[in-house]
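Each chain is listed here by its residues.
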Amino acid sequence: MHTLYVTDLDGTLLNSKSAINPFTLSVINRLVAGGLPFTYATARSLESARPVTAGLDLRLPAVTYNGTFIVRPATGKILDCRTFTPMQAEHAIQTIRQARVRPLVYALIDGRERVSWVTGQENEGVLRYLSLKKGDPRMRPMTGEDGLYDGEIYYFTCIGEREELLPIYHALSENEDYHCTLQQEIYRPEYWCEIMPRAASKANGILRLKRLLGCRRIVSFGDAINDLPMFEISDECYAVANAVDALKARATGIIQSNDQDGVARWLLERAKEEHHYV
């Protein structure tokens, strides 16, 4: 396997309605059937990625939770995982407490992925997130902080206004133990501050997957500022037309937008040029 092709999901492979266009689905499935080494790297969990990638023929492991997990999409088997040490988790917890923000806490509890939060104090952004997770077996509502931080924690999500999240971001983004992002939710006013172990980033997850598969090159596709580290470790990187300017400035090239099947059209053209997979 020479080149690994990796795409972001939201805003890149998925259209503006968070779905895969039929043309993209058909092209990628045909290329994968012909041997294209293709997968995705996303901030989503596998549970969240499965509905929006339904029908996509994925034969390689995927990178989820911004690089926290390398997982087999078909079975959910975790091949690689990065969690906080107890000391790292406690420092993050204290930083979040000082900012008076109520987090969503992601942890492995008894070998299961769980998402815990304190009920009754959710803001609009958190309530919207929870409304999209009805029936999700990972959800674990708590009446207070007792038990909120159980298990092996691998992710914190803080949703709110930018100003209230900035102290958390400033405190942790420059700390070598953490990978911390702050960005506005796509098509929404609220901001998300996401905190992961330093080893858990799309870039590190893709590099671990590259080693696991024995690939020599990486070609990636993205749209948002959190895709920048992924671009930096790629041999070629392509920004969709709807991407942020900062990402476009670092891209090997600009392709058509997510609504115009940019990733699939680029892959199809490359396959025709190299007489591979078609």
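Residues numbered from 1 in each chain as written. Predicted model: local features only at pLDDT ≥ 70, side-chain atom pairs only at ≥ 80, totals over all residues. Heavy atoms only, no water.

Student: Would you explain the pairing of strand S8 (residues 139-142) in this entry?
Tutor: Remark: a regular strand shows side chains that alternate across the two faces of the sheet. The sheet contact formed by strand S7 (residues 112-118) and S8 spans four bridges and is parallel. Residue pairing across strands places Val115 opposite Met139, the latter belonging to S8. Following the backbone out of S7, through helix H5 (residues 124-131) and into the adjacent parallel S8, one traces a crossover that is right-handed. (Pairing = 2+ DSSP bridges. Helix = DSSP H or I, 4+ residues; strand = E, 2+ residues; numbered from the N terminus. Right-handed = clockwise from strand over helix to strand, strands pointing away.)

Student: I tried to follow empty space enclosed by the protein on my own but got confused; where do I start?
Tutor: One simple way to see leftover space: roll a probe sized like a water molecule over the atoms. For the structure on display, the rule yields two cavities of 30 Å³ or more. Counted as a void, the largest cavity has a volume near 40 Å³. Every residue along the wall of the largest cavity is listed here: Asn66, His179, Thr181, Ser201, Lys202, Ala203, Asn226 and Pro229. Considering only residue class, the lining of the largest cavity consists of two nonpolar, five polar and one charged. (1 Å grid on protein atoms, 1.4 Å probe; cavity = no way out; pocket = protein on both sides within 12 Å on 5 of 7 lines; lining within 4 Å. Points joined across faces, edges and corners; volume = space filled by probe spheres on them. Nonpolar A, V, L, I, M, F, W, Y, C, P; charged D, E, K, R; others polar.)

Student: Would you take a moment to explain the sheet that holds strand S10 (residues 178-184) for this structure?
Tutor: Within a sheet, neighbouring strands are paired by backbone hydrogen bonds and run either parallel or antiparallel to one another. Pairing in this open sheet of six strands is mixed, and the strands run S8-S7-S6-S9-S11-S10 from one edge to the other. Either end of the sheet is taken by a strand with one partner, and the two such strands are S8 and S10. Strand-to-strand twist across the sheet, computed as the mean angle between neighbouring axes with direction ignored, equals 20°. Note: strand S9 (residues 152-160) against strand S11 (residues 191-197), five bridges, orientation antiparallel. Residue pairing for S11: Phe156 is matched across the bridge by Ile195. Contacting S9, S10 and S11, helix H6 (residues 162-173) crosses the sheet at an angle of about 155° to S10. (Axes fitted to C-alpha atoms, helices over the stretch in contact; angles between N-to-C directions. Contact = heavy atoms within 4.5 Å.)

Student: What is the right way to look at the layout of surface pockets in this model?
Tutor: When its volume is computed, the largest pocket comes out at roughly 1200 Å³. Around the largest pocket, the lining is made up of 44 residues, and of these Asp10, Arg44, Glu185, Ile186 and Trp192 lie nearest the centre. Of all the secondary-structure elements, those providing two or more residues to the lining of the largest pocket are helix H1 (9-13), helix H3 (46-52), H5, S9, S10 and S11. Ranked by the residues each element gives to the lining of the largest pocket, the list is headed by H3, at four residues. The residue makeup of the lining of the largest pocket, split by class, is 15 nonpolar, 13 polar and 16 charged. Within this model, the second largest pocket holds a volume of roughly 280 Å³. Lining the second largest pocket are 15 residues, with Tyr169, Cys180, Thr181, Leu182 and Ile225 positioned closest to its centre. Here the element with the most residues in the lining of the second largest pocket is S10; it accounts for six residues.

Student: What is the right way to read the state of the cysteines from this model?
Tutor: Here, disulfide denotes a covalent bond that connects the sulfur atoms of two cysteines. Throughout the structure, instances matching the rule amount to zero disulfides. Cys81 takes part in no disulfide bond, and the closest cysteine sulfur, belonging to Cys180, lies 19 Å away. For Cys81, a relative accessible area of 27% puts it in the partly exposed group. Take Cys215: it sits in no disulfide, and the sulfur closest to it among the cysteines is that of Cys237, at 17 Å. (Disulfide = S-S within 2.5 Å. Buried < 20%, exposed > 50% of the residue type's maximum accessible area, 1.4 Å probe, protein only.)

Student: Even after reading the chapter, I still don't get the packing of aromatic side chains, so can you show me in this structure?
Tutor: Any two aromatic rings considered together are summarised by their centre-to-centre distance and by the angle between their planes. Using the criterion set out here, one finds 15 aromatic pairs in the structure. Considering the side-chain rings of Tyr65 and Phe69, the 5.5 Å spacing of their centres and the 75° angle between planes classify their relative orientation as edge-to-face. Judged by its relative accessible area of 2%, Tyr65 falls in the buried class. Ring centres of Phe84 and Phe156 lie 5.6 Å apart, and the angle between their planes is 40°; this geometry places the pair in the tilted category. Residue Phe84 is located in the loop between strand S5 (78-81) and helix H4 (86-98), and its partner Phe156 is located in strand S9; the two are separated by 72 residues in the primary sequence. Members of the aromatic cluster, connected to one another through ring pairs, are Tyr65, Phe69, Tyr106, Tyr154 and Tyr155. (Phe/Tyr/Trp six-rings, centres within 6.5 Å; stacked < 30°, edge-to-face > 60°.)

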